Protein chains: 2
Amino acid sequence: MSPRSKAKLSDVATRAGVSATTASYVLTGRATEMRISESAEQRVRQAVAELGYRPNRSAQNLRTSRTSTVGVISDFVASGHFSSQMLAGASEAALQRDHLLVIGETSGDAEVERLLIEEMIDRQVDGILYVTRTGMEIQVPEKLAETRTVLVNCFDPDSPLPAFVPDEFGGGRTAASVLLDADVTGDIHVVGETPPHTFAGPQRLAGINDRLAEVGRSVTSVVPCPWAVEAAYEATHAWLATGARPGGLICLNDRVAMGVYQALAEHGLDIPGDVSVVSFDGTELATWLRPRVISVALPFVELGARAVQSLLEPGALAPGVVRLPMPLMPGGSVPALPPTKEQPHV
Amino acid sequence: MSPRSKAKLSDVATRAGVSATTASYVLTGRATEMRISESAEQRVRQAVAELGYRPNRSAQNLRTSRTSTVGVISDFVASGHFSSQMLAGASEAALQRDHLLVIGETSGDAEVERLLIEEMIDRQVDGILYVTRTGMEIQVPEKLAETRTVLVNCFDPDSPLPAFVPDEFGGGRTAASVLLDADVTGDIHVVGETPPHTFAGPQRLAGINDRLAEVGRSVTSVVPCPWAVEAAYEATHAWLATGARPGGLICLNDRVAMGVYQALAEHGLDIPGDVSVVSFDGTELATWLRPRVISVALPFVELGARAVQSLLEPGALAPGVVRLPMPLMPGGSVPALPPTKEQPHV
DNA sequence: TACACATGCTGAATCGAATCAGCACGATCA
DNA sequence: TGATCGTGCTGATTCGATTCAGCATGTGTA
């Protein structure tokens, strides 16, 4: 049934009654260019089918110096949502182009990173995706200049490498629009710190203020806290205990939103009856809260897919930062619009 | 500074004043076996350093038919916790052994799976990790028999392939022990369905009952629902509305626990004052709940690491199912022990 | 008849390392 | 003195594909 051993190109050629050269031309799609006759081409294809021939990738790699692989180097593959969804998008985009993903996790260790980059270059990956868990400005490792590289979820202001990041500023505007469109009247506050070395926080905040300014409003205060459930709970709890009674809260990510939900519940404040809440990231967690929190989603899958596409599509590797839109995930954390009112747009 | 071009083995040999053969012997660790003189070996090593020589992987692959890569085929890389943590463990274990991970996601599509397996075999990966998101019995794809393969989080009763799975039964016992050790007195119920084609649910339940039977107790009822937050909330809410007042609830995973928390809160029941809760999976979500829910964790990282190890370590590839222990993650969802009482053990 | 030209193919070199078989040389032994 | 043996190395081949340069034909043109 199965061939006794692995057939190679010369076996195919012999069986088709042609030279290995001709067989190669057929299989690499150069048949027309090389004026291979219709009949010879057919015989080669038939021999391939009969022998179950599959080219030896290593031999091809050696000869062509290309491997049909894309390297993915990220700081934390492990940290759930972002990296893994991004990988899914990248994996599919790569497979469509007959490529596979080679991955490595640095755990934030510069030495491991150097090692991984070298490994990948040694293995002649056709390109590298350099991914960070948190959206931030970085300095790309020197070695990466030796290969086609695309940055994902980060960018280097001093480097011409192409980068794909979420449009955090636009996302901020979207979040603010959600509250405005729902006619939220009280003060609007932001929960979560905005450390300067990451761009997600500052840009989300800037976008929020930008949108609010259009209607003569602004963020009343920022309640700073790490982007974590417990920290957000504690900060919000303490803040509410001072008597603060916000109309709308914009949480800088879904984990913060969860902490905020806990704190609001503890103070007997209803969502969305007493307080409207909007969040960022669009993780599953957003859908788990009661009511679901409206969340401005990171375009996880898109980022991976677009990055791979630009890496593999000829000519698609333009320098510069591409900002992908952050779609809105629905929820029940702001009051429903009166039915007569027109559907707003951002 | 950097060599004008890529140095190859023959360049190293020339510079060291030896033949390529000798240089190769030195670099492949066969210097002693081949009786290469101390001085020749030194000269080769120095030449390597001076030229910044790095072997061409493709050439090595072709010659040796091995690639120092491990293929990972999983149904859903994307679905967050399990796969990504597993990848982290696998990635590190692989890197330690000078291997890289080549990944592919099937999205549960059998055709894509076939394609991926072929791709990986074509690329001569040294072994394949076949991973499922959900712990279940499977039928391994025929093609996998052609390669070294290890199953992760699943097993095939009709195949001798080595498999690594969590010890779900033991985990069930652990969960029950948590309630017993805390002297929970009321009825103990389980929340979550136990579909037969997956083994996690049924085995967790069996373990729970096994442990309870040791003290003459048993699970009073199972509240069936999909392992999802909203479904668990609704099922538990409806169940509590009938007047049920459990002493302890064992949730079959952390998402179920979150739904249960929501339902208990709605009925004014305090955790752990009125009801004790224990859960499974040990995801981050468990730590986000207030109070943290005690969770019997899936040994994510370990599974990946052990699987890679058994794949790459010579002789370590024994057939059969290996069950890795599920460690307990602490939390505040059962009453604290009276301080005088001795620390129990499972 | 001769010459150019298109057609349809092939031989041989190449990519860069690994490895088998064997060679030259000096020391040892009978 | 010649045979034997250990030491330290190397030449040539191989892995399996890609690809350049060129070689027979047949066909049209002067």
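Residues numbered from 1 in each chain as written. Chains lettered and ligands numbered in written order. Predicted model: local features only at pLDDT ≥ 70, side-chain atom pairs only at ≥ 80, totals over all residues.

**As for the overall build of chain A**
So, point 1. Helix and strand content of chain A: 12 helices and 12 strands.
So, point 2. For 346 residues, the compact-globule formula gives about 20 Å, and the C-alpha radius of gyration of chain A, at 27 Å, lies well above that figure.
So, point 3. Referenced to the eigenvectors of the C-alpha coordinate spread, the extents of chain A come out at roughly 90 × 50 × 40 Å.
So, point 4. Of all 346 residues assigned to chain A, the portion counted as buried reaches 48%.
So, point 5. Restricting the contact set of chain A to residue pairs at least 6 apart, pairs at least 24 apart contribute 71%. (Helix = DSSP H or I, 4+ residues; strand = E, 2+ residues; numbered from the N terminus. Rg over C-alpha atoms; globule rule 2.2 N^0.38 Å. Buried ≥ 20, exposed ≤ 12 C-beta atoms within 10 Å, placed from the backbone. Contact = placed C-beta atoms within 7 Å.)

**Notes on the interface of chain B and chain A**
So, point 1. Opposite the 35 residues of chain B that make contact, chain A presents 34 residues.
So, point 2. Contributions of two or more residues to the side of chain B that touches chain A are made by helix 4 (57-64), helix 5 (81-96), strand 2 (100-105), helix 6 (110-122), helix 9 (229-241) and helix 10 (254-266) of chain B.
So, point 3. Examining the composition of the side of chain B that touches chain A, we find that eight residues originate from one element, helix 5 of chain B, more than from any other.
So, point 4. In the side of chain B that touches chain A, the residues fall into 15 nonpolar, 12 polar and eight charged.
So, point 5. For strand 2 (residues 100-105) of chain A and strand 2 of chain B, the ladder comprises three bridges, and the chain directions are antiparallel. (Nonpolar A, V, L, I, M, F, W, Y, C, P; charged D, E, K, R; others polar. Pairing = 2+ DSSP bridges.)

**Describing the protein's contact with DNA strand D**
So, point 1. Taken together, 26 residues lie near DNA strand D, and Lys 8, Leu 9 and Ala 59 of chain A together with Ser 19 and Ser 37 of chain B sit nearest.
So, point 2. Secondary-structure elements contributing two or more residues to the surface near DNA strand D are helix 2 (20-27) and helix 4 (57-64) of chain A together with helix 2 (20-27) and helix 4 of chain B.
So, point 3. Residues that form the surface near DNA strand D fall into these classes: 12 nonpolar, 10 polar and four charged. (Near = placed C-beta within 6 Å.)

**Quick word on the relation of the copies chain B and chain A**
What relates the two chain copies is a rotation about an axis together with a slide along it.
So, point 1. Rotating chain B by 180° about the axis while translating it 0.0 Å along that axis superimposes it on chain A, leaving an RMSD of 0.1 Å. When the rotation and shift are considered jointly, the pair of chain copies conforms to a two-fold rotation axis.
So, point 2. Take the interface residues of chain B: 97% of them recur as interface residues in chain A, which is what a same-surface contact looks like. (Least-squares fit on C-alpha atoms with pLDDT ≥ 70 in both.)

**Considerations on helix 7 (residues 168-181) of chain B**
Residues and elements named next belong to chain B.
So, point 1. With 14 residues, helix 7 should reach 20 Å at 1.5 Å per residue; the first-to-last C-alpha distance of 20 Å fits that figure.
So, point 2. Across the 14 residues that make up helix 7, a large majority, 12, are buried.
So, point 3. Burial in helix 7 covers these residues: Glu 168, Phe 169, Gly 170, Gly 171, Gly 172, Arg 173, Thr 174, Ala 175, Ala 176, Ser 177, Val 178 and Leu 179.
So, point 4. Positive backbone phi, at 60°, marks Asp 183, one or two positions downstream of helix 7. (Expected span 1.5 Å × (residues − 1).)

**Things to note about the pairing of strand 10 (residues 294-297) of chain B**
Look at any regular strand and the pattern is simple: side chains alternate between the two faces of the sheet.
Residues and elements named next belong to chain B.
So, point 1. What you see with strand 10 is no split at all: Ile 294 and Val 296 on one side and Ser 295 and Ala 297 on the other are buried throughout.
So, point 2. Pairing analysis gives four bridges linking strand 9 (residues 276-281) to strand 10, with the strands arranged parallel. Its bridge partner lying in strand 10, Phe 280 is registered against Val 296.
So, point 3. Here strand 10 pairs with strand 12 (residues 328-329) via two bridges, running antiparallel. Looking at strand 12, one finds that Val 296 is bridged to Leu 328.

**Some points on the nonpolar core**
So, point 1. If you look at the biggest cluster of nonpolar residues, it comprises 172 residues, and the most contacted ones within it are Ala 90, Leu 129 and Val 260 of chain A together with Ala 90, Leu 129 and Val 260 of chain B.
So, point 2. Leave out the neighbours within four places in its chain, and Leu 129 of chain B touches Val 70, Gly 71, Val 72, Ala 90, Val 150, Val 152, Ala 307, Val 308 and Leu 311 of chain B. (Core = buried A, V, L, I, M, F, W, Y, C linked by C-beta atoms within 7 Å.)

**Concerning the packing of helix 2 of chain A against helix 3 (residues 38-51) of chain A**
Residue and element names in this part refer to chain A.
So, point 1. Look at helix 2 against helix 3: their axes get within 10 Å of each other, and the N-to-C directions meet at 85°. Between helix 2 and helix 3, the crossing angle belongs to the class labelled roughly perpendicular. Contacts between helix 2 and helix 3 involve Thr 22, Ala 23 and Val 26 from the first element and Ala 40, Glu 41, Val 44 and Arg 45 from the second.
So, point 2. Taken together, the residues of the contact of helix 2 with helix 3 break down into four nonpolar, one polar and two charged. (Axes fitted to C-alpha atoms, helices over the stretch in contact; angles between N-to-C directions. Parallel < 35°, antiparallel > 145°, perpendicular 65-115°, else oblique.)

**Focus: helix 4 of chain A**
So, point 1. Along helix 4 of chain A, the positions that sit buried rather than exposed are Arg 57, Ser 58 and Asn 61 of chain A. Down the axis of helix 4 of chain A, the buried side of the element spans an arc of 100°, and every buried residue falls inside it. Opposite the buried face of helix 4 of chain A, at more than 90 degrees from it, the exposed residues are Arg 63 and Thr 64 of chain A.
So, point 2. Looking at the buried side of helix 4 of chain A, the elements it contacts are helix 4 and helix 6 of chain B.
So, point 3. Positive backbone phi, at 60°, marks Ser 65 of chain A, one or two positions downstream of helix 4 of chain A. (Arc of directions from axis to C-beta.)

**Details of the environment of Ala 47 of chain A**
Residue and element names in this part refer to chain A.
So, point 1. By the element assignment, Ala 47 lies in helix 3.
So, point 2. For the pair Ala 47 and Ala 16, spaced 31 residues apart in the sequence, the C-alpha separation amounts to 5.8 Å.
So, point 3. If we skip the residues at most four places from it in the chain, Ala 47 touches Val 12, Arg 15 and Ala 16.

**A closer look at the protein's contact with DNA strand C**
So, point 1. As a structural note, the neighbourhood of DNA strand C is formed by 27 residues, with Ser 19 and Ser 37 of chain A together with Lys 8, Leu 9 and Asn 56 of chain B the closest of them.
So, point 2. At the level of elements, helix 2 and helix 4 of chain A together with helix 2 and helix 4 of chain B are the ones that each hand at least two residues to the surface near DNA strand C.
So, point 3. Its residues assigned to classes, the surface near DNA strand C shows 13 nonpolar, 10 polar and four charged.

**Remarks on the sheet that holds strand 1 (residues 69-74) of chain B**
So, point 1. Strand order in the open sheet formed by 12 strands is 11(A)-5(A)-4(A)-3(A)-1(A)-2(A)-2(B)-1(B)-3(B)-4(B)-5(B)-11(B), and the pairing between neighbours is mixed. The open sheet terminates on both sides in strands that have one partner only, identified here as strand 11 (321-324) of chain A together with strand 11 (321-324) of chain B. The mean angle between the axes of side-by-side strands here comes to 25°, regardless of whether they run parallel or antiparallel.
So, point 2. In the sheet, strand 4 (residues 149-155) of chain A pairs with strand 5 (residues 163-166) of chain A via two bridges, with the strands oriented parallel. Following the sheet pairing, Val 152 of chain A is matched in strand 5 of chain A by Phe 164 of chain A.
So, point 3. Against the sheet, helix 6 (residues 110-122) of chain A touches strand 1 (69-74), strand 2 and strand 3 (127-137) of chain A together with strand 2 of chain B, its axis set at about 175° to strand 1 of chain A.
So, point 4. Running over the sheet, helix 12 (residues 300-312) of chain B touches strand 1, strand 3 (127-137), strand 4 (149-155), strand 5 (163-166) and strand 11 of chain B and is turned about 155° from strand 4 of chain B.

**Structural notes on the domain arrangement of chain A**
All names here are of chain A.
So, point 1. Splitting chain A by domain gives domain 1 (9-55), domain 2 (69-166 + 300-325) and domain 3 (168-297).
So, point 2. Between domain 2 and domain 3, the C-alpha centre-to-centre distance is 30 Å.
So, point 3. Each partner contributes residues to the interface: domain 2 has seven residues there, and domain 3 has eight residues.
So, point 4. Per-element tally for the side of domain 2 that touches domain 3: the top contributor is strand 3, with four residues.
So, point 5. For the side of domain 2 that touches domain 3, the class distribution of residues is three nonpolar, three polar and one charged. (Domains from an automatic or database assignment.)

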